[in-house]
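Commentary on secondary and tertiary structure
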Amino acid sequence: MLAKNPDVRISLPVVCFVWQIAMIILFGVFVRYDEESDAHWSEHKREKNITSDIENDFYYRYPSFQDVHVMIFVGFGFLMTFLKRYSFGGVGFNFLIAAFGLQWALLMQGWFHALDPADGQIKIGIENIINADFCVAGCLIAYGALLGKVSPVQLMVLTLFGIPLFAVEEYIILHVLHVRDAGGSMVIHTFGAYYGLTISWILYRPKLDQSKRLNGSGYHSDVFAMIGTLFLWMFWPSFNSAISDHGDGQHRAAINTYLALASSVLTTFAISSLSAKRGKLDMVHIQNATLAGGVAMGTAAEFMITPYGSLIVGFCCGIISTFGYLVITVSRRIQDTCGVHNLHAMPGVLGAVVGAITAATASESVYGHEGLVNTFDFKGKYAERTPATQGGFQAAGLCVALAFGIVGGAIVGFILRLPVWGDPSDDNCFDDEVYWEVPEDEESIPPILEYNSHMVGKYADRM
Amino acid sequence: MLAKNPDVRISLPVVCFVWQIAMIILFGVFVRYDEESDAHWSEHKREKNITSDIENDFYYRYPSFQDVHVMIFVGFGFLMTFLKRYSFGGVGFNFLIAAFGLQWALLMQGWFHALDPADGQIKIGIENIINADFCVAGCLIAYGALLGKVSPVQLMVLTLFGIPLFAVEEYIILHVLHVRDAGGSMVIHTFGAYYGLTISWILYRPKLDQSKRLNGSGYHSDVFAMIGTLFLWMFWPSFNSAISDHGDGQHRAAINTYLALASSVLTTFAISSLSAKRGKLDMVHIQNATLAGGVAMGTAAEFMITPYGSLIVGFCCGIISTFGYLVITVSRRIQDTCGVHNLHAMPGVLGAVVGAITAATASESVYGHEGLVNTFDFKGKYAERTPATQGGFQAAGLCVALAFGIVGGAIVGFILRLPVWGDPSDDNCFDDEVYWEVPEDEESIPPILEYNSHMVGKYADRM
Amino acid sequence: MLAKNPDVRISLPVVCFVWQIAMIILFGVFVRYDEESDAHWSEHKREKNITSDIENDFYYRYPSFQDVHVMIFVGFGFLMTFLKRYSFGGVGFNFLIAAFGLQWALLMQGWFHALDPADGQIKIGIENIINADFCVAGCLIAYGALLGKVSPVQLMVLTLFGIPLFAVEEYIILHVLHVRDAGGSMVIHTFGAYYGLTISWILYRPKLDQSKRLNGSGYHSDVFAMIGTLFLWMFWPSFNSAISDHGDGQHRAAINTYLALASSVLTTFAISSLSAKRGKLDMVHIQNATLAGGVAMGTAAEFMITPYGSLIVGFCCGIISTFGYLVITVSRRIQDTCGVHNLHAMPGVLGAVVGAITAATASESVYGHEGLVNTFDFKGKYAERTPATQGGFQAAGLCVALAFGIVGGAIVGFILRLPVWGDPSDDNCFDDEVYWEVPEDEESIPPILEYNSHMVGKYADRM
């Protein structure tokens, strides 16, 4: 059996070392502190007439940053521990690619968004590291579609290409089209989901059934996954408000997201119960579809969508997402381990549409003149843009996200099909034993009186 | 066997859908953003002469809000995963009723506390969503007494009635009596505990012993429960300070709670060890009684109780609460699964008494004139109230909380006894199989060579 | 078998009670609120010309405090749950000694750092409780070396002596030598690690092999440990920035730590994979060495080390730390359960060296005049100190930390060898059954039809 197992002993260390060294060199050439994190801050403060250190952007955004950081590492990481024997891979590889991706994102996003024209260098502060975490989220969503079927080396390659694709897509959507997408329904969720789904489609494994014994959850792994679910759910208001405007923008984004999430929980439970014999609930739905409201508020959270508008969005998304898990098989060829189509793709697209409609119907009577200008940033060369036009551009943004996800995923998918990446065989998917030293089970502890005999584990004969 | 199992396939979805739709309609009619989360904030800021966005209440309270949010969903949720086979129900139903309850609380508390007389609408901001989380906590405490013995439909009903009971009780205590109770020793813990205990008393199951095989913890479920314990314990300073006065009020409330909690840990370990053969510690005590100091500081945390006063409160509560778990059976009729009598009822009542005494003995020499007025809000029509009088009103507040808990619980208990809610049979309590699709155990994974055979799970013959 | 088991039924309660009562008395005599947490704050504000409550230090530091608090209780606690049958002891005793230690630290650090000369009392506020958590971290690191081999009473003694040793060491390093060490590479990590390692060396158990059946992880306990790892990893930026200067100091410390941690993840994965057959990763490395970058940035985080400098530090530490787990056995006599030598000692020393070099090479061209003075606090009697001199003092600080750790550990080690502390026998180490009531395993639940028969657990014959 072991002969079929992949060997990543050379490829994984090489990829990690070479890319990390590249990061160091590129950071050395390009990356410096911005005005608010540089020791010259006290001079800067005087120049800008800032009277207090509390006006440093750090204090506006650091609590949200830490919440987002938890979502990336514990939220996504533990959500992917639900498979009974792939918890190490779920949380561990998530950790690896997020740690690489955030460095690479600081560079790629920096070149597009934070380049100081004076010296050609990227100046980083708290907002950049939040954005880097956001950028990473796109790749982690893609990982969800591939969970258990790819090697860590493939995941590093997915991230290597995913981050620049994200950065370009984001540049076109936010800067060229001047679209608002603070929580990333388009930029993060739609892109990330279609990127992963397209790769999964290209990496189609017709004989994946050979691993079906492991493609399911266990009692405790389901509880572990709830840790991921809840930290994502609780901190989503921070995610959608982390880079919104200071003041009412952040405040409103948090409230809207809080409400939409609450609403999706109820419709998720309703549909889950309705669909099973005796009304038994399915943990897969509870772990995933309850989050759909947060995904769908990614664009409109900072708008004046109203509290009941947020509840309606969450209501619909809980239903759509749970139905996704129940009935939709977009294509038998897409083997979507975590169901990112249901959690990120559909709610992301819906969120983009909601955002476009909310933007198109914005008015000075609702926002006030100043509020409208601030919320949609109708300043400088966009001073003449109307809400209706903005709605059209928002819809265009969705198309860009879809295009980048699908085309980018196709290209990266073909790269990942090269037979050099050490992916598992069809009957070894969803199994931590392939890439990890797995301890014998606790259950196999010999009784205390036999401590001198050798430990005989349940899987000992296989090791 | 299955014939005895309840079927919630119609009732649970109907309740979730109808109530969520009702929320949407009521929010549509009543709920809007407040001045600080509305896009008119920049105009409001100018009017009020606020110079910086950082003065938006969001920045004073959002970090505490997120901590409270974690307590509600991960804290209470994981604390209730301790049963070996009811972890899904513990964390899952907690999730459901909290998500419903917070919406309902925004409405009910809004009608009583946040109604804008100008237009008859509820204006919500960060403080309202913290209060909604607080209100939900009352119902989650009640759930603790009923864990494993009720259906999700019953829990929704418990929440439907619990939230308005809470809102009225809170209105009487905080507004009519002008009592201070920032962390809710009375309003949240005393009310919630007696509400749940009274319901449990009415739902008494004489044959609950038939489920005793499942009414206990497992090694891993105890570790899961520690996640809940620790997040409650760590974030309790945020809970008690979340809606305290800006500045010294929040600062002092956090410090006092931090100290009281530390002190209860030591006395809990002491009593737990003292009570068992060879001094062996009991996880039930560690998971629960260590939190008693936080409960008991709910009223007095923002007062000048002094650091050593906080330590004394924690010291006593750790002892009382652990003794509760050891010896007190208030009545055999009260089947209190999580021991909320020991964790919330007794420390809550004690906290109210401590608060009353601390208030009654407050003086200008300790608080300063301004400090006394600010801390107890001796303004407007309460400008003439003395600390001694305040102490009396604090004690009266406790009576109101008790009365609402017991009378409300009795009424709701009788409603929940109606034979229509799909509660489990006496021999099916504490069992996730009743309401959840439970995966086969990890342990039953067939060896790798047999992947073509059908999976034979430990419980397969029952499914 | 049981005859060999220790009995802590008298000693543990006595220690907990007596020390907690001592804390109450000492707090009563010495500890009061500081100006920012006292009800006189509004008067203080006027005197100091502070215009807004948001300038209260609480709002600068509270979010970081809560993150640090999570690191202490969930981070350290769950990191120590990795042993298959010592999870209760890992997270439980961590809880106990941290709760005692933080009170004791407020006193000890208060006498050295926060004594008000006007009235001889310790005035505490948010910064003091962060520092108390830091002080506790030193003792928890030491616990890591001893995990599973000592009794809770020994751990309390270790803390009783560890806290004052820490406070004196910190006083010498930070105040006498005027060394900068905001995240504690020296003060916390070097001291704590050598304190624990020396104690472990003195408590050497030649026959520890008799417990080797339990000295390993299980599949689920490894996932629990990842909770600890990730919360430490995510919140380390808050740890290193929690007490840095307001404004750019905190901002820069967070960014530098974020980058160093990301970099260590990649080199940890690389070395771990390179070292095993077929490139299989080892959870021990992922759980620990990924954190080395945070340890090593403890001193230099607030300096202008540059973003690429931070990446280089993380790069090296990930390698060194993982190699530590692979090859270094400093001495067979040091039985270092968690490998604190690899995670805290080596990276801590390296961090001190990095800090000394970064300080020595600081210049006005990089920091600006004001920035240099603020960052290194070259004020008052230190106004004439140059960066080069500062570098020398930084190196001297490392020697002080090492000396206190080793000498202090030796003394405390000999105290802990007294045969009165109830430590486990050599064949009972790493076993929760010694100090905890351990539930029967979930696996031994009898089938539902047999609920009337007695439960027959896997280990029932031993109980």
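Residues numbered from 1 in each chain as written. Chains lettered and ligands numbered in written order. Predicted model: local features only at pLDDT ≥ 70, side-chain atom pairs only at ≥ 80, totals over all residues. Heavy atoms only, no water.

**A word on the interface of chain B and chain A**
Every contact between the two is made by 88 residues of chain B and, on the other side, 91 residues of chain A. Joining chain B to chain A, the criterion identifies 1 salt bridge. The shortest N-O distance in the salt bridge between Arg46 of chain B and Glu370 of chain A comes to 2.8 Å. In this assembly, chain B and chain A are joined by 29 residue pairs in polar contact (both at pLDDT 80 or more). Those elements that provide at least two residues to the side of chain B that touches chain A are helix 1 (11-30), strand 1 (31-33), helix 2 (41-47), helix 3 (57-79), helix 4 (87-113), helix 5 (126-146) and helix 8 (219-241) of chain B. A per-element tally of the side of chain B that touches chain A places helix 4 of chain B first, with 12 residues. For the side of chain B that touches chain A, the per-class residue count stands at 55 nonpolar, 15 polar and 18 charged. (Contact = heavy atoms within 4.5 Å. Salt bridge = Lys/Arg side-chain N within 4 Å of Asp/Glu carboxyl O. Polar contact = N/O pair within 3.5 Å; in protein donor to acceptor, adjacent residues only side chain to side chain. Helix = DSSP H or I, 4+ residues; strand = E, 2+ residues; numbered from the N terminus. Nonpolar A, V, L, I, M, F, W, Y, C, P; charged D, E, K, R; others polar.)

**Section: the confidence of the model for chain A**
Looking at chain A, the pLDDT average stands at 93 and 93% of residues meet or exceed 70. Scored below 50 in pLDDT, residues 443-463 of chain A shows 35 contacts in the model against residues more than four places distant or in partner chains. (pLDDT = per-residue confidence, 0-100.)

**Overview of the packing of aromatic side chains**
Enumeration according to the criterion identifies 84 aromatic pairs over all chains in this entry. An angle of 20 degrees between the planes, with centres 5.5 Å apart, marks the rings of Phe376 of chain A and Phe378 of chain A as stacked. Each member of the pair, Phe376 of chain A as well as Phe378 of chain A, carries the same accessibility label: buried. Measuring from centroid to centroid gives 5.4 Å for Phe191 of chain C and Tyr195 of chain C, while their planes differ by 15 degrees, and the two rings are stacked. Residue Phe191 of chain C and its partner Tyr195 of chain C are both found in helix 7 (residues 185-202); the two are separated by 4 residues, about one turn of the helix. Taken as a pair, Phe191 of chain C and Tyr195 of chain C share a single burial class, namely buried. Members of the aromatic cluster, joined through ring pairs, are Phe58, Tyr59, Tyr62 and Phe65 of chain A together with Tyr60 and Tyr258 of chain C. (Phe/Tyr/Trp six-rings, centres within 6.5 Å; stacked < 30°, edge-to-face > 60°. Buried < 20%, exposed > 50% of the residue type's maximum accessible area, 1.4 Å probe, protein only.)

**Side note on the relation of the copies chain B and chain A**
Each copy of the chain is related to the other by a rotation around an axis and a translation along that axis. Of the transformation superimposing chain B on chain A, the axial component is 0.0 Å and the angular component is 120 degrees, with the fit at an RMSD of 0.0 Å. Such a combination of rotation and displacement between the chain copies is what one expects of a three-fold axis. For chain B, the minimum C-alpha distance to the rotation axis belongs to Pro63 of chain B and amounts to 3.6 Å. Little of the interface of chain B is mirrored in chain A, where only 14% of its interface residues are also at the interface. (Least-squares fit on C-alpha atoms with pLDDT ≥ 70 in both.)

**Concerning the interface of chain C and chain A**
Listed by partner, the interface residues are 92 residues for chain C and 88 residues for chain A. Between the two partners, chain C and chain A, sit 1 salt bridge. Joining chain C to chain A, the criterion identifies 29 residue pairs in polar contact (both at pLDDT 80 or more). Going through the elements one at a time, helix 3 (57-79), helix 8 (219-241), helix 9 (248-274), helix 10 (283-288), helix 12 (307-326), helix 14 (364-367) and helix 15 (369-376) of chain C are the ones with two or more residues in the side of chain C that touches chain A.

**A short note on the pairing of strand 3 (residues 121-124) of chain B**
Residues and elements named next belong to chain B. Relative to strand 3, strand 1 runs parallel, the two sharing 3 bridges. Note on strand 3: the bridge partner recorded for Arg32 is Lys123. Pairing of strand 2 (residues 115-116) with strand 3 involves 2 bridges; the strand directions are antiparallel. Of the residues in strand 3, the one forming a bridge with Asp116 is Gln121. In this antiparallel pair of consecutive strands, strand 2 and strand 3, the connection spans 4 residues, and Gly120 shows a positive phi of 65 degrees. (Pairing = 2+ DSSP bridges.)

**A look at the relation of the copies chain C and chain A**
Note on the identical chains: chain C maps onto chain A by a rotation of 120 degrees and an axial translation of 0.0 Å, with an RMSD of 0.0 Å. The overlap is low: 13% of the interface residues of chain C also sit at the interface in chain A, so different surfaces are used on the two sides.

**Description of helix 3 (residues 57-79) of chain A**
Residue and element names in this part refer to chain A. If you check helix 3, its first and last C-alpha atoms are 31 Å apart, about what 23 residues at 1.5 Å a residue would give, namely 33 Å. Maximum bend of helix 3: about 35 degrees, positioned at Met71. Most of helix 3 is tucked away: 23 of the 23 residues are buried. (Expected span 1.5 Å × (residues − 1). Bend = angle between axes of the 7 residues up to and from the residue.)

**Things to note about the pattern of salt bridges**
Applying the stated criterion to the full structure yields 36 salt bridges over all chains. For Arg252 of chain C, the salt bridge identified is with Asp248 of chain C, shortest N-O distance 3.0 Å. Placement of the pair is Arg252 of chain C and Asp248 of chain C together in helix 9, with a separation of 4 residues, close to one helical turn. Take Arg252 of chain C and Asp248 of chain C: they sit in the same class, and that class is buried. Linked through salt bridges whose partners overlap, the residues forming this network are Asp57, Arg61 and Glu127 of chain A.

**Side note on the sheet that holds strand 3 (residues 121-124) of chain A**
Residue and element names in this part refer to chain A. With mixed pairing, the 3 strands of this open sheet are ordered in space as 1-3-2. Since the sheet does not close on itself, it has two edges, and those belong to strand 1 (31-33) and strand 2 (115-116), each with one partner. Most of the contacts of helix 1 (residues 11-30) go to strand 1, to which it runs at about 55 degrees, and overall it touches strand 1 and strand 3. (Axes fitted to C-alpha atoms, helices over the stretch in contact; angles between N-to-C directions.)

**Notes on unusual backbone geometry**
Residues and elements named next belong to chain A. For Asp377, which is not a glycine, the phi torsion comes out positive at approximately 55 degrees. Positionally, Asp377 belongs in the loop between helix 15 (369-376) and helix 16 (387-416). Owing to a relative accessible area of 27%, Asp377 belongs among the partly exposed residues under this scheme.

**Points about the environment of Leu147 of chain C**
Residue and element names in this part refer to chain C. Within the fold, Leu147 resides in the loop between helix 5 (126-146) and helix 6 (152-176). In this structure, the C-alpha to C-alpha distance between Leu147 and Gly101, residues 46 residues apart in sequence, is 17 Å. Among all residues touching Leu147, those that are not within four sequence positions of it are Met80, Phe82, Leu83, Tyr86, Gly90, Thr337, Cys338 and Phe430.

**Thoughts on helix 6 (residues 152-176) of chain B**
The end-to-end C-alpha distance of helix 6 of chain B is 35 Å, a good match for the 36 Å that 25 residues give at a rise of 1.5 Å each. Following helix 6 of chain B by one or two positions, His178 of chain B has its phi on the positive side, about 55 degrees.

**Quick word on the sheet that holds strand 2 of chain B**
Here 3 strands make up an open sheet; going across it, the order is 1-3-2 (chain B) and the pairing mixed. Either end of the sheet is taken by a strand with one partner, and the two such strands are strand 1 and strand 2 of chain B.

**Re the side chain of Ser151 of chain A**
Residues and elements named next belong to chain A. Tracing the backbone through its elements, the reader meets Ser151 in the loop between helix 5 (126-146) and helix 6 (152-176). Taking the relative accessible area as the measure of exposure, Ser151 reaches 0% and is therefore buried. Not counting the four nearest positions on each side in its chain, Ser151 is found in contact with Trp421, Gly422, Asp423, Pro424 and Tyr435.

**Looking at the packing of helix 6 of chain A against helix 7 (residues 185-202) of chain A**
All names here are of chain A. It is the contact of helix 6 with helix 7, at a shortest axis distance of 10 Å, that shows an interaxial angle of 140 degrees. Considered as vectors, helix 6 and helix 7 are oriented oblique to each other. Crossing angle aside, the handedness with which helix 6 passes helix 7 is right-handed. On the side of helix 6, the interface is formed by Leu158, Phe161, Gly162, Leu165, Phe166, Glu169, Glu170, Ile173 and Leu174, while helix 7 contributes Met186, Val187, Ile188, Phe191, Tyr195 and Ile199. Residues that form the contact of helix 6 with helix 7 fall into these classes: 12 nonpolar, 1 polar and 2 charged. (Parallel < 35°, antiparallel > 145°, perpendicular 65-115°, else oblique. Left-handed = near helix turned anticlockwise from the far one by under 90°.)

**Observations regarding the side chain of Arg205 of chain A**
Residue and element names in this part refer to chain A. Assignment of secondary structure puts Arg205 in the loop between helix 7 and helix 8 (219-241). Classification of Arg205 as buried rests on a relative accessible area of 8%. Within the local environment of Arg205, its side chain forms a polar contact with the side chain of Asp426, the two groups lying 2.7 Å apart. Discounting chain neighbours no more than four positions away, the residues touching Arg205 are Lys149, Gln335, Asp423, Pro424, Ser425, Asp426 and Cys429.

**Digging into the nonpolar core**
With 423 residues, the main nonpolar core has Phe231 of chain A, Phe231 of chain B together with Phe231 and Trp233 of chain C as its most contacted residues. With residues up to four places along the chain from it excluded, the contact list for Phe231 of chain C reads Val70, Val74 and Phe231 of chain A, Phe231 of chain B together with Val70, Met71 and Val74 of chain C. (Core = buried A, V, L, I, M, F, W, Y, C linked by side-chain atoms within 4.5 Å.)

**Re a nonpolar patch on the surface**
Residue and element names in this part refer to chain A. A cluster of nonpolar side chains, contributed by Ile10, Val14 and Val18, occupies part of the molecular surface with about 270 Å² of accessible area. Its place among the elements puts Val18 in helix 1. For Val18, a relative accessible area of 46% puts it in the partly exposed group. (Patch = residues over 30% accessible without salt bridge, like charges linked within 9 Å, V, L, I, M, F, W, Y side chains within 5 Å. Areas by Shrake-Rupley, 256 points an atom, 1.4 Å probe, with all protein chains shown as cover.)

**Concerning the environment of Tyr62 of chain B**
Relative to the helices and strands, Tyr62 of chain B resides in helix 3. The sequence separation of Tyr62 of chain B and Ile126 of chain B amounts to 64 residues, and the corresponding C-alpha distance is 6.9 Å. When sequence neighbours within four positions are dropped, the list of residues in contact with Tyr62 of chain B reads Ser64, Asp67, Pro237, Ser238, Ser241 and Ala254 of chain A together with Ile126 of chain B. Within the local environment of Tyr62 of chain B, its side chain forms a polar contact with the side chain of Gln66 of chain B, the two groups lying 2.8 Å apart.

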